[in-house]
Amino acid sequence: MSYVDEVLELVKEKNASEPLFIQAVTEVFESLKPVIEANEELYRKEAILERITEPERQIMFRVPWVDDKGQVQVNRGFRVQFNSAIGPYKGGLRLDASVNLGMLKFLGFEQVFKNSLTTLPMGGGKGGSDFNPKGKSDREIMAFCQSFMTELYRHIGADTDVPAGDLGTGGREIGYMFGQYKRLRNVYEGVLTGKGLTFGGSLARTEATGYGLLYFTKEMLACNGIDIAGKTAVVSGSGNVAIYAIQKATQMGAKVIACSDRNGWVLDEEGIDYKILKEIKEVKRTSLAEYVNYRPNAKYTAKEAGDKMDHGVWTVKADIALPCGRENTIDLEDAKNLVANGVIAVAEGANMPTNLEATKYFQANGVLFAPGKASNAGGVATSGLEMSQNSERLSWTFEEVDEKLKNIMISIFHAADDAAKKYGMEGNYVAGANIAGFEKVATAMLAQGVC
Ligand code: NDP
Ligand code: 2IT
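Residues numbered from 1 in each chain as written. Chains lettered and ligands numbered in written order. Predicted model: local features only at pLDDT ≥ 70, side-chain atom pairs only at ≥ 80, totals over all residues. Heavy atoms only, no water.

**Some thoughts on the sheet that holds strand β3 (residues 89-95)**
Alright, step 1. With respect to topology, 5 strands assemble into an open sheet ordered β1-β2-β4-β3-β5, the strand pairing being mixed. Of all the strands in the sheet, just β1 (57-66) and β5 (161-164) have a single pairing partner and so form its edges. Shown here is a sheet whose adjacent strand axes are inclined to one another by a mean of 20°, direction ignored.
Alright, step 2. Bridge count for β1 against strand β2 (residues 72-83) is 10 bridges, and the pairing is antiparallel. (Pairing = 2+ DSSP bridges. Helix = DSSP H or I, 4+ residues; strand = E, 2+ residues; numbered from the N terminus. Axes fitted to C-alpha atoms, helices over the stretch in contact; angles between N-to-C directions.)

Right, dumping it as structure tokens:
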């Protein structure tokens, strides 16, 4: 058995109860085969694949807090410090009822390669809690965030581990966590990114993942002779990544006609208005069903019990699909629908929204496919820029940050494109991104000895 297959079997055996983690490792390992085979003896002796799939540290803790009725609630908190070969651990905090260790290991593993692709000095990590922020009052959110940080603070720091937002965690939560960290440590430092603009946050960080996704997509299309202007697009999700992806796609002359949330999806043939989404999701924090109150010509379809996540959105005919909700929301059936409807590009704003079968189907049918660890790296890249600004105690303008973000996304596309070409897989950006991300981390790990 090849070294790659041997370690994949080992990973499956050791992490049998963590399907998302196994899925992420399987995808990366498939891509790495040619790289590992070119130097198998060294990598095997150094156990590089065993090491890169084992988090350096995993922290789990109790998060007790008091709800508005005076009832004590208990959640589980996590931080997976996956790999620090090229910089301090860096990655978001997910707050969702579904969060478990396996989910955060998948996200942390992806983050290692993503952060490497940004070219900035950031290792990979991820954390969060099975706390469900839906329907909670601001006071309850604050109580949870303060309790969460009361344990997490001892494991993080501006040069150790720098968390940020992710699904369910936005500016409000980061603010409460930052306040508690400062109180506990009596240190004012850039320990979190995605902070408010009055206390060290970077301009353009809120927009960065969505904008970056479109900078990447535009470059990918242009390098394949296609202009994004005039194209139609469908988006899943209507949260942070989706909103700013829709704004930037529209600015680039594309028309986004559908998006979704947990409860249903909206079709707006005149083009989704991102300002309405901001109002519904960032201000009112309510359901997408409200969209039709602002735009009576749009159509809302509620999800019914048993419906697959985001399935409706993928039945709409469009040139470009941008999954920006969460993992495993495009399966083979969805991919077949999209291809039958003539989709030309799929670019992942979320982490692993397309399952392995669907990804292969897109690639086999000539669809340009941008993997999340490359195409959604704009968020963490801008977090890296926030860290730089915090370290030099300066703030850059929106235009400066946005320009840097754009250049980073274009360079990530070319790193993935070049790596794919180098190993004879031209156009396979999944393989290219995995290889380019891996090479830097592996080189650093080898140079640092057995650790
Ligand atoms: P948000 O919480 O802001 O938005 C998530 C969106 O996905 C919401 O519209 C939410 O619906 C929807 N969603 C969540 N769970 C489900 C579900 N079970 N079924 C259907 N829809 C669902 O998160 P973000 O936009 O920050 O993150 C989205 C994705 O992008 C995640 O995969 C995240 O890991 C990834 N990502 C985020 C980055 C960032 O900077 N924030 C950076 C890179 C990647 P509802 O509105 O009803 O809650
Ligand atoms: O998945 C991701 O890249 C993020 N949630 C952003 C992480 C960060 O540290 O900005």
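**Observations regarding the packing of helix α8 (residues 205-223) against helix α16 (residues 398-422)**
Alright, step 1. Between α8 and α16, the shortest axis-to-axis distance is 9 Å and the interhelical angle comes to 45°. For the element pair α8 / α16, the angle class is oblique. You can see that α8 and α16 cross each other, and the crossing is right-handed. Along its contact with α8, which presents E207, A208, Y211, G212, Y215, F216, E219, M220 and C223, the element α16 presents F398, D402, L405, K406, M409, I410, I412, F413 and H414.
Alright, step 2. Tallied by class, residues from the contact of α8 with α16 come to 12 nonpolar, 2 polar and 4 charged. (Parallel < 35°, antiparallel > 145°, perpendicular 65-115°, else oblique. Left-handed = near helix turned anticlockwise from the far one by under 90°. Contact = heavy atoms within 4.5 Å. Nonpolar A, V, L, I, M, F, W, Y, C, P; charged D, E, K, R; others polar.)

**Some thoughts on the pairing of strand β8 (residues 264-267)**
Successive residues of a regular strand alternate their side chains across the two faces of the sheet.
Alright, step 1. A two-sided burial pattern is seen for β8, the buried positions comprising G264 and V266 on one face and W265 and L267 on the other.
Alright, step 2. Pairing analysis gives 3 bridges linking strand β7 (residues 255-260) to β8, with the strands arranged antiparallel. Bridging from a neighbouring strand, C259 pairs with V266 of β8.
Alright, step 3. The sheet contact formed by β8 and strand β9 (residues 299-302) spans 4 bridges and is antiparallel. Following the sheet pairing, G264 is matched in β9 by A302. (Buried < 20%, exposed > 50% of the residue type's maximum accessible area, 1.4 Å probe, protein only.)

**A word on the packing of helix α2 (residues 19-37) against helix α5 (residues 101-117)**
Alright, step 1. Look at α2 against α5: their axes get within 7 Å of each other, and the N-to-C directions meet at 25°. Classed by the angle they form, the pair α2 and α5 counts as roughly parallel. Where α2 abuts α5, its residues L20, F21, A24, V25 and V28 lie against G102, M103, K105, F106, F109, E110 and F113.
Alright, step 2. Residues that form the contact of α2 with α5 fall into these classes: 9 nonpolar, 1 polar and 2 charged.

**A few points about a nonpolar patch on the surface**
Alright, step 1. A cluster of nonpolar residues, V66, V72 and V74, forms a patch on the protein surface that exposes about 250 Å² of accessible area.
Alright, step 2. Within the secondary structure, V66 is located in strand β1.
Alright, step 3. Judged by relative accessible area, V66 falls into the partly exposed class, the value being 39%. (Patch = residues over 30% accessible without salt bridge, like charges linked within 9 Å, V, L, I, M, F, W, Y side chains within 5 Å. Areas by Shrake-Rupley, 256 points an atom, 1.4 Å probe, with all protein chains shown as cover. Salt bridge = Lys/Arg side-chain N within 4 Å of Asp/Glu carboxyl O.)

**Quick look at the site of ligand 2**
Alright, step 1. What surrounds ligand 2 is a group of 14 residues, the closest being K90, K114, K126, D166 and S383.
Alright, step 2. K114 is positioned such that a nitrogen or oxygen atom in its side chain is 2.8 Å from an oxygen atom of ligand 2.
Alright, step 3. One of the side-chain N or O atoms of N351 is found 3.1 Å from an oxygen atom in ligand 2.
Alright, step 4. For ligand 2, whose free accessible area comes to 290 Å², the fraction covered by protein is 94%.
Alright, step 5. Secondary-structure elements contributing two or more residues to the shell around ligand 2 are β3, α5 and α15 (378-391).
Alright, step 6. In terms of residue class, the shell around ligand 2 is made up of 2 nonpolar, 7 polar and 5 charged. (Near = heavy atom within 4 Å. Polar contact = N/O pair within 3.5 Å; in protein donor to acceptor, adjacent residues only side chain to side chain.)

**Overview of the site of ligand 1**
Alright, step 1. Taken together, 25 residues surround ligand 1, and among them K134, D166, T209, R262 and N351 come closest.
Alright, step 2. At 2.9 Å from an oxygen atom of ligand 1 is found a main-chain nitrogen or oxygen belonging to N240.
Alright, step 3. Considered on its own, ligand 1 offers 890 Å² of accessible surface; in the complex 90% of this is hidden by protein.
Alright, step 4. Contributing elements (two or more residues each) for the shell around ligand 1: α8 and α9 (240-251).
Alright, step 5. In terms of residue class, the shell around ligand 1 is built from 5 nonpolar, 10 polar and 10 charged.

**A few points about the packing of aromatic side chains**
Alright, step 1. Here the structure, examined in full by the defined rule, presents 16 aromatic pairs.
Alright, step 2. An aromatic cluster is defined as three or more aromatic residues linked by ring pairs; in this entry it consists of F61, W65, F131, F144 and F148.
Alright, step 3. Lying across the ring of F131, K136 places its NZ or CZ 5.3 Å from the centre.
Alright, step 4. Between K248 and the ring centre of Y211, over which it is positioned, the NZ or CZ distance is 4.3 Å. (Phe/Tyr/Trp six-rings, centres within 6.5 Å; stacked < 30°, edge-to-face > 60°. Lys NZ or Arg CZ within 6 Å of the ring centre and 35° of its normal.)

**So, helix α13 (residues 356-364)**
Alright, step 1. Listing the buried residues of α13 in full gives A358, T359 and F362. Along the long axis of α13, the arc covered by the buried residues comes to 100°, so they all point the same way. Counted as exposed and oriented over 90 degrees from the buried face of α13: E357 and A364.
Alright, step 2. Residues of α13 that are buried sit in contact with α12 (332-340), β11 (345-347), β12 (368-370) and α17 (429-447).
Alright, step 3. G366 occupies a position one or two residues after α13 and carries a positive phi of about 75°. (Arc of directions from axis to C-beta.)

**Let's talk about the sheet that holds β8**
Strand pairs in the sheet, formed through backbone hydrogen bonds, run parallel or antiparallel to each other.
Alright, step 1. Taken in spatial order, the 7 strands of this open sheet run β9-β8-β7-β6-β10-β11-β12, and their pairing is mixed. Bordering the open sheet on either side are β9 and β12, each of which pairs with just one other strand. Strand-to-strand twist of the sheet, defined as the mean angle between neighbouring strand axes without regard to direction, takes the value 15°.
Alright, step 2. Against the sheet, α9 contacts β6 (232-236) and β7, and its axis sits at roughly 170° relative to β7.

Function cannot be inferred from these measures alone, as they are strictly geometric.
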